[in-house]
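So you can see what is in the structure, the chains are spelled out below.
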Amino acid sequence: PGRIWVKTPQLIQFIRQEVRRRDPMSSEEDLKASVTARAAKVSSMLSGDKGAALRTALADPPVTSKSAETKALNAVAVGDVITACGDGEIEAIIEGLSDTERDVLMKYLYKILGDVGQCDKSGQLLKWHSKLLKKTGMGAVVRSMTDRKTV
Amino acid sequence: SRMSAATNFHQLSEQGISAHAWNGDRSMIAICPNSNEVHIYSGCSNPDPSTWTRTHVLAEHDLLVSGIDWSPVTNKLVTCSHDRNAFVWTFQDNEWKPSLVILRINRAAIDVKWSPDGSKFAVASAAKSVPVCHYEESNDWWISKMIKKHKSTVLEVAWHPNNQLLLTGCSDFKCRIFSAFVEECEDQLPDGAGPYGATQPFGELLGEFDQARGWVESVAWSPSGARLAFAGHDSSLTVVNFQGSQAEAHTNRFNLLPLSSIMFANEDTIIGGGHEFNPAVFTADNSGSFVFQRSLDTKSSAPAPAAASTGGFANARAMFQSKTTRGQAKNDASDSLWTKHENVITQVTSRDAPGAANVTQIATTGLDGRIVLWRL
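Let us look at the structure shown here. (Residues numbered from 1 in each chain as written. Chains lettered and ligands numbered in written order. Predicted model: local features only at pLDDT ≥ 70, side-chain atom pairs only at ≥ 80, totals over all residues. Heavy atoms only, no water.)

Focus on the pattern of salt bridges
Just so we agree on the cut-off: One speaks of a salt bridge when a side-chain nitrogen belonging to Lys or Arg is within 4 Å of a carboxyl oxygen belonging to Asp or Glu. Counting from the N terminus, the helices are DSSP H or I runs at least four residues long and the strands are E runs at least two residues long. Summary of the burial criterion: residues with accessible area below 20% of their type's maximum are buried, those above 50% are exposed, and those between are partly exposed, where the area comes from a 1.4 Å probe applied to protein chains only.
One pass over the full model with this rule turns up 19 salt bridges over all chains. A salt bridge links A:D87 to A:K127; the shortest N-O distance between them is 3.4 Å. Here A:D87, found in the loop between α4 (68-84) and α5 (90-95), pairs with A:K127, found in helix α7 (residues 122-136); they are 40 residues apart in sequence, far enough to count as distant. Assessed through its relative accessible area of 39%, A:D87 is described here as partly exposed. For B:D93, the salt bridge is made with B:K97, and the minimal N-O distance between the two is 3.4 Å. Put simply, A:K107, A:D147 and B:R213 are held in one network by salt bridges that share partners.

Concerning empty space enclosed by the protein
All names here are of chain B. The line we're drawing: A 1.4 Å probe that fits but cannot get out identifies a cavity on a 1 Å grid over protein atoms alone, an open set with protein on both sides within 12 Å along at least five of seven lines counts as a pocket, and a residue lines either if it has an atom within 4 Å of a point. Grid points are joined across faces, edges and corners, and a volume is the space filled by probe spheres set on the points. Residues were grouped as follows: Ala, Val, Leu, Ile, Met, Phe, Trp, Tyr, Cys and Pro as nonpolar; Asp, Glu, Lys and Arg as charged; and all remaining residues, including Gly, as polar.
Counted by the stated rule, this structure contains 1 cavity of 30 Å³ or more. In this structure, the largest cavity encloses a volume near 80 Å³. Lining the largest cavity are 13 residues, with Q164, L165, G197, A198 and T199 positioned closest to its centre. Classifying every residue of the lining of the largest cavity by side-chain character gives 6 nonpolar, 7 polar and no charged.

Digging into the sheet that holds strand β23 (residues 259-266) of chain B
Residues and elements named next belong to chain B. Put simply, the rule is: The pairing criterion is simple: DSSP has to find at least two bridges between the two strands. Each axis is a line fitted through C-alpha atoms, and for a helix only the stretch in contact is used; angles between axes span 0 to 180 degrees, taken between their N-to-C directions.
Taken in spatial order, the 4 strands make up an open sheet running β23-β24-β25-β26, and their pairing is antiparallel. The sheet is open, and its two borders are formed by β23 and β26 (290-295), each paired with just one other strand. On average, each strand axis in the sheet is inclined to that of its neighbour by 30 degrees, with strand direction left out of account. Pairing geometry for β23 and strand β24 (residues 269-274), over 6 bridges, is antiparallel. Paired with N266 across the two strands is T269, which belongs to β24.

Looking at the pairing of β24(B)
Residue and element names in this part refer to chain B. Burial within β24 is extensive, with 6 of its 6 residues counted as buried. The alternating pattern of β24 places T269, I271 and G273 on one face and I270, G272 and G274 on the opposite face, and all of these are buried. Two successive antiparallel strands, β23 and β24, enclose a turn made up of 2 residues.

Focus: helix α2 (residues 28-45) of chain A
All names here are of chain A. Our working rule: Multiplying 1.5 Å by the residue count of a helix minus one yields the expected span of that helix. Picture the helix axis, draw a direction to every C-beta atom, and the arc is the one those directions span. Contacts are residue-level and defined by heavy atoms, with any inter-residue pair within 4.5 Å sufficient.
In a regular helix each residue adds 1.5 Å, so 18 residues correspond to 26 Å; α2 covers 26 Å between its end C-alpha atoms and thus fits that length. Every buried residue of α2 is listed here: L31, V35, R38, A39 and V42. Along the axis of α2, the buried residues cluster in a sector spanning 105 degrees; they form a single face. Summarising the geometry of α2, the exposed residues directed more than 90 degrees from the buried face are E29 and S44. Buried positions along α2 lie against α3 (50-58) and α4.

Describing the packing of aromatic side chains
Residue and element names in this part refer to chain B. Just so we agree on the cut-off: Aromatic rings from Phe, Tyr and Trp, with only the six-membered ring used for Trp, were paired whenever their centres fell within 6.5 Å, and each pair was classed as stacked if the ring planes differed by under 30 degrees, edge-to-face if by over 60, and tilted otherwise. Criterion for a charge above a ring: Lys NZ or Arg CZ within 6 Å of the ring centre, and within 35 degrees of the ring normal.
Taken as a whole and assessed by the stated rule, the structure comprises 13 aromatic pairs over all chains. With centroids separated by 5.6 Å and ring planes inclined at 70 degrees, the aromatic side chains of W114 and W142 adopt a geometry described as edge-to-face. With W114 in strand β11 (residues 109-114) and W142 in strand β14 (residues 141-147), this pair connects stretches of sequence that are 28 residues apart. Among the residues examined, W142 registers a relative accessible area of 4% and is labelled buried. Centroid distance F264 to F290: 6.2 Å. Interplanar angle 85 degrees. Geometry classified as edge-to-face. Here F290 lies in strand β26 and F264 lies in strand β23, a separation of 26 residues in the sequence. Accessibility assignment for this pair places F264 and F290 in one class, buried. What links up through ring pairs into an aromatic cluster is the set W114, F121, Y135 and W142. Cation over ring: K145 sits above F202, and NZ or CZ is 5.5 Å from the ring centre.

As structure tokens, this is what we get:
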């Protein structure tokens, strides 16, 4: 929650210009670089705290990117954490996520489930899905369908 | 068992109810039973809807009647339809007479609302515009002025209590506030009369909110007009509080399925009905954001009747049938449809006096054709 300016048409135009001028992540190369760095960091965390690894992987997904490869790269990072976790750890890890992170996780579960090339992971993903659904309810599923900014 | 807040319900139509509106004293209701007709029932002060009698049928439209509103001030009905028309109905000589409305839209009309003083009405249309119509005495018709600036179908409109600000929810994922000041109907307001100060010219875009990540299906003002709320199809409810010229927005992305229709019961309570088939109550917490408090419909805790044991073969057969049709081994009674509504709730309205600051009686209608009356 935060204070917002009443968006008159002039203010909307001003905001758009400012965002284009200031946003350091607006270029595809920057997004790809940050995703690659994150994937490397997540791999290094997999031997330690898997919950923290998942939170790192889910933070700031590249939704503004127009490149399918960048998005796939981030999905691989998330998928690696999911397959690295044992069945007993799933509930505790989901418990430690914030509401926004759970929404993003739901989106990634559907994305990876929808990828035919990764169908060997589907058993694990479905276990995660049922446990996450218990926590978030149907709202997160609806949001993964309606949100135009896809992960 | 804990009593459900539903006081009564009735199957008014077999095909669903696309719109409904109460008259000023809530003794009559106009509904559209998902057809091109409008049915008016009287005797609605009686809490049992099965006693209500149908007194009039209005059949001027050619396609589905998508919106009905009844002004408590002038007692006129306005109906709008997918046939791109709207009619204003006046009760004379014991029958409802339609008046011509020049809407000037080339797509379906989705929703219609009278302004608080009954002098004009706004229509949400699929032509990406909102015609605001007022009466022209010289030609005996209702003529429209267009509010454009939408990028897609406008799904719902809501008037501010000051009669000049119009809130619109659009399927381009945005909620907008416009000035709908019509000089033929009213005087200009001084500064401080509402969230945006003095009267702005007709059609001016005063604010745009993009917190919803899905269609903005329903919009509403609080009774005082100091708050507005809109429900998005991404299962979100955003409330904007106005303090002077500042606006503060809080978005709640909740766990339920999306809401289709919301209304303020009072300044701090929002009732929403939607795809859960169960009206949900959201209340304000200290920080000004609205959180889910409870659902109005509750399952009665009476135990399900024990299934008669009819022998091993029948049981085994039932188990396999259940596995193929429902995906689970036993026929659990708790999975059956227990809510009063058996399909999506499409409209939530107040049954208390118009403009009441605290609403305790509401009615909901939905695609199942039922009307359910609730007491909060």
